[in-house]
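# Remarks on the overall topology
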Amino acid sequence: MLGTLVQGRVSLDGAACWASALGLKIAITYATQRRQFDGADGQEVVLLDYGKHQRRLFPRLATTYAQIFAHDEFLQKFDGVFSGRTDTPDDREDLETLAAALKPLSTWHALDTLQEAREACGGAGFMFENRLVGLRADLDIYVTFEGDNNVLLQLVGKRLLTDYAKQFTGKDAAALAKFAVGMTAGKLFHGAGLRQFGQSVVDLGQVSRSVENGLREEQQHLLLAERVQQMVADIAGRLRPAGKDKVLGAKLFNENQAELIEAARAHGELLQWEAFTDAVHRVDDADTKKVLTWLRDLFGLQLIEKHLAWHLINGRLSTQRAAAVSRYIDRLCARLRPYALDLVDAFAYEPEHVRAPIASGAERERQDEAREYYAALAASGDAPVLEKTLKKNAKR
Ligand SMILES: Cc1cc2nc3c(=O)[nH]c(=O)nc-3n(C[C@H](O)[C@H](O)[C@H](O)COP(=O)(O)OP(=O)(O)OC[C@H]3O[C@@H](n4cnc5c(N)ncnc54)[C@H](O)[C@@H]3O)c2cc1C
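The sections below set out a description of the structure shown in this document. This one's a predicted model, so the numbers in the text were calculated from it and none came from an experiment. (Residues numbered from 1 in each chain as written. Predicted model: local features only at pLDDT ≥ 70, side-chain atom pairs only at ≥ 80, totals over all residues. Heavy atoms only, no water.)

### Description of the overall build of the protein
Looking only at helices and strands, the protein features 19 helices and four strands. When each of the 396 residues of the protein is scored for burial, the buried share is 48%. Accessible area for the protein stands at about 19,600 Å²; split by element, carbon and sulfur atoms hold 55% of it. (Helix = DSSP H or I, 4+ residues; strand = E, 2+ residues; numbered from the N terminus. Buried < 20%, exposed > 50% of the residue type's maximum accessible area, 1.4 Å probe, protein only. Areas by Shrake-Rupley, 256 points an atom, 1.4 Å probe, with all protein chains shown as cover.)

Right under this line is the structure:
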């Protein structure tokens, strides 16, 4: 029954991606024009030059890029199945799993992004004419209709468990005994769901060491992929004692449901990361590739940061290395600052799409006019004298 809703989910996923992009286009454009509080040079600072503002908006921009690239792959799969070109039962099952993984992530992300974008524009963001409030209200129901997000992720989790079990079909007792040994289970597992994870049997110590040298593509992939693998293997191990006992099976499943849904979410995040990385590899222009690689790194690292507790508990990262992740994110944000406008302009929204007065250039005009006024006032010698200057002069 849930499977029949796949066409709607394609649209919801796309709409959620593009609503996030629009919210960021508005908030980032405004943040390059709006000035607030004096900087060290006495000039008011544009919002986007504040470290915290970058931290609020850039990781969400990176996630939006990842989701748009993943949506593109989703569309191609959808086209393959519905045009009949690649319409096998396996393709349909993959398409349904893909829809069930991506729609929850993009619709939750849209609500989060639109709220953050709204707050990042301050009081102006709350004005209905600036669109963010209306977009968020419209998108609210997306997390429920065409399948509630948590229920959809459970579908993905079950698929991951099925695929996991398939790997051991026909294996003898010795092979089964091997993966029962905690960590080893995670290492033996080479595939889950829609994509192969490739080489997953590596020395974890080596991965952890390289974190300090900068988390590059391979290490990001490994940390994200192995998290999914280990979570699925752990849950499968805890379900195994049920055997054919349905009552015990239901009890154990319920006890592990929350973690299974978390594993499905991790799987969706991995798919997005892979789609982003594939897209970066397709770029020819060297400068574009450089900036997109930073943005992809930001996406990967903020996922690792978000699940830092898991990586620490499971011995994937030391506390020192975990701290390095957050510092690297800060550096990436600063590096991306000069390209922020280009990155939102690349969504190719025209003014008639944006229709938000705060992102129209009006704020820049207002700020420029105010700055000119105060500069002229200061030059005239008629500028009001600050109270603290008066006090300082009185003391002399
Ligand atoms: C505006 C709107 C338009 C809609 N349009 C259509 C339409 O055109 N066609 C159509 O067929 N349907 C439509 N729907 C129905 C929509 O698909 C359902 O609302 C949606 O699937 C959620 O089901 P529910 O409302 O029964 O919530 P419930 O299934 O009762 O879920 C309520 C909560 O319980 C949780 N929950 C439910 N089951 C589980 C479980 N097994 N484990 C853990 N948690 C669980 C959910 O996560 C959710 O948070 C529409 C709904 C809305 C609100």
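### What about the site of the ligand?
Taken together, the neighbourhood of the ligand is formed by Ile 141, Thr 144, Phe 145, Glu 146, Gly 147, Asp 148, Asn 150, Val 151 and Gln 257. Asp 148 is positioned with one of its side-chain polar atoms (N or O) 2.4 Å from an oxygen atom of the ligand. The contact in question runs from a nitrogen atom of the ligand to an N or O atom on the side chain of Gln 257, over 2.8 Å. If the ligand stood free it would expose 980 Å²; the protein chains cover 33% of that surface. Its residues assigned to classes, the shell around the ligand shows three nonpolar, four polar and two charged. (Near = heavy atom within 4 Å. Polar contact = N/O pair within 3.5 Å; in protein donor to acceptor, adjacent residues only side chain to side chain. Nonpolar A, V, L, I, M, F, W, Y, C, P; charged D, E, K, R; others polar.)

### A few points about the side chain of Gln 33
Inspection of the secondary structure puts Gln 33 in the loop between helix H1 (6-31) and strand E1 (35-38). Of the polar contacts made by the side chain of Gln 33, one reaches the backbone nitrogen of Arg 364; its length is 3.3 Å. Filtering out sequence-adjacent residues up to four positions away, Gln 33 remains in contact with Val 46, Ile 358, Gly 361, Glu 363, Arg 364 and Gln 367. (Contact = heavy atoms within 4.5 Å.)

### Brief notes about unusual backbone geometry
One non-glycine residue, Phe 37, adopts positive backbone phi at about 70°. With respect to the element layout, Phe 37 can be found in strand E1. In this structure, Arg 131 is a non-glycine residue whose phi angle is positive, near 80°. Along the chain, Arg 131 falls in the loop between helix H4 (122-126) and helix H5 (132-139).

### Here we look at helix H2 (residues 51-82)
End to end, H2 covers 46 Å across 32 residues, agreeing with the expected 46 Å (1.5 Å per residue, within 8%). Of the residues one or two after H2, Gly 84 is the one with positive phi, at around 90°. (Expected span 1.5 Å × (residues − 1).)

### Brief notes about the packing of aromatic side chains
In the structure shown here, the tally under the stated rule is eleven aromatic pairs. Each ring, one from Tyr 65 and one from Phe 276, has its centre 6.3 Å from the other, and the planes form 20°; the classification is stacked. Of this pair, Tyr 65 sits in helix H2 while Phe 276 is found in helix H12 (residues 257-282), placing the two residues 211 residues apart along the sequence. Residues Tyr 65 and Phe 276 agree in their burial class; the two are buried. Plain terms: the ring middles of Trp 294 and Tyr 339 are 6.1 Å apart, the flat faces sit at 55° to each other, and that makes the pair tilted. Residue Trp 294 is located in helix H13 (residues 286-306), and its partner Tyr 339 is located in the loop between helix H15 (319-336) and helix H16 (340-345); the two are separated by 45 residues in the primary sequence. (Phe/Tyr/Trp six-rings, centres within 6.5 Å; stacked < 30°, edge-to-face > 60°.)

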